[in-house]
Amino acid sequence: MDGAHALPRKSGELVFHDDWERRAFAIAVSLAEQGAFEWREFQQELIASVAEAEREDPRNPSRGYYESWLVSLEAVLRKKKLLADGGD
């Protein structure tokens, strides 16, 4: 993924600001590797989630990158019926 949808990097290394970000990243990668969902499916959710967060002001999104990552992971898992709806 490129642009605003690309993984945050510094000097080529992934950047995580909190442990939950690293865990959310690892969970998504692991579940995709195990065949729970196609990576491309997750990417499309993430692109939509980032765009939604940037809709009003691209320079000041309503949520951070890994918050969008988590929203996307939850959406994919709900579509695959691997995560309960949560009553939203």
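Numbering of residues starts from 1 in every chain and runs along the sequence as written. Two thresholds apply to this predicted model, a pLDDT of at least 70 for residue-level local features and 80 or more for giving and counting side-chain atom pairs, whereas whole-chain, interface and lining totals are computed over all residues. Calculation of side-chain values draws on the structure's entire complement of heavy atoms; hydrogens and water are dropped beforehand.

Some details on the packing of helix α2 (residues 39–54) against helix α3 (residues 65–79)
Link 1 in the chain: Where helices are involved, their axes are fitted lines through C-alpha atoms of the stretch in contact, as for all axes, and angles between N-to-C directions lie from 0 to 180°. Here a strand is any run of E in DSSP of at least two residues, a helix any run of H or I of at least four, and the numbering for each starts at the N terminus. Between α2 and α3, the shortest axis-to-axis distance is 8 Å and the interhelical angle comes to 130°. By the criterion of interaxial angle, the relationship of α2 to α3 is oblique. You can see that α2 and α3 cross each other, and the crossing is right-handed. Residues Trp39, Glu41, Phe42, Glu45, Leu46, Ser49, Val50 and Ala53 of α2 touch α3, and the partners they reach there are Tyr65, Ser68, Trp69, Val71, Ser72, Leu73, Ala75, Val76 and Lys79.
Link 2 in the chain: Taken together, the residues that form the contact of α2 with α3 break down as 11 nonpolar, three polar and three charged. Small angles under 35 degrees read as roughly parallel and large ones over 145 as roughly antiparallel, with 65 to 115 read as roughly perpendicular and the rest as oblique. The sense of a crossing depends on the near helix, which, turned anticlockwise from the far helix by less than a right angle, makes the crossing left-handed and, turned clockwise, makes it right-handed. Note on definitions: a residue-residue contact is assigned when non-hydrogen atoms from the two residues lie within 4.5 Å. Any residue outside Ala, Val, Leu, Ile, Met, Phe, Trp, Tyr, Cys, Pro, Asp, Glu, Lys and Arg is labelled polar, Gly included; the first ten of those are nonpolar and the last four are charged.

Digging into the pattern of salt bridges
Link 1 in the chain: Here a salt bridge means any side-chain nitrogen of Lys or Arg lying within 4 Å of a carboxyl oxygen belonging to Asp or Glu. Counted by the stated rule, this structure contains four salt bridges.
Link 2 in the chain: Linking Glu41 and Lys80 is a salt bridge whose minimum nitrogen-to-oxygen distance equals 3.4 Å. With Glu41 in helix α2 and Lys80 in the segment after α3, this residue pair connects regions lying 39 residues apart in the sequence.
Link 3 in the chain: Note on exposure labels: buried denotes an accessible area under 20% of the residue type's maximum, exposed denotes more than 50%, and partly exposed covers the range between, all computed with a 1.4 Å probe on protein chains only. Judged by its relative accessible area of 26%, Glu41 falls in the partly exposed class.
Link 4 in the chain: Judged by its relative accessible area of 37%, Lys80 falls in the partly exposed class.

Brief notes about the packing of aromatic side chains
Link 1 in the chain: Only Phe, Tyr and Trp rings take part, Trp by its six-membered ring, and two of them pair if their centres are within 6.5 Å. Stacked means planes under 30 degrees apart, edge-to-face means over 60, and tilted covers everything else. Throughout the structure, instances matching the rule amount to 10 aromatic pairs.
Link 2 in the chain: Both rings, one in Phe16 and one in Tyr66, keep their centres 5.3 Å apart while their planes meet at 35°; by these two values the pair is tilted. Within this pair, whereas Phe16 is found in the loop between β2 (13–14) and α1 (19–33), its partner Tyr66 is found in helix α3, the two being separated by 50 residues in sequence. Summarising the burial analysis for this pair, Phe16 and Tyr66 share the class buried.
Link 3 in the chain: Centroid distance Trp39 to Phe42: 5.0 Å. Interplanar angle 40°. Geometry classified as tilted. Note that Trp39 and Phe42 are positioned in helix α2 at a spacing of three residues, about one turn of the helix.
Link 4 in the chain: Here the aromatic cluster, defined as three or more aromatic residues joined through ring pairs, consists of Phe16, Phe25, Phe37, Trp39, Phe42, Tyr65, Tyr66 and Trp69.

What to know about α1
Link 1 in the chain: Expected helix span is given by 1.5 Å per residue-to-residue step, counting one fewer step than there are residues. In this model, α1 (15 residues) spans 21 Å end to end at C-alpha, consistent with the 21 Å of a helix rising 1.5 Å per residue.
Link 2 in the chain: Looking at α1, one finds that the buried residues are Glu21, Ala24, Phe25, Ala28 and Ala32. For α1, the angular spread of the buried residues around the axis is 100°, confining them to a single face. Every exposed residue of α1 that faces more than 90 degrees away from the buried side is listed here: Asp19, Arg23 and Glu33.
Link 3 in the chain: Buried residues along α1 sit against β2, α2 and α3. The arc in question is the one traced by the directions running from the helix axis out to the C-beta atoms.

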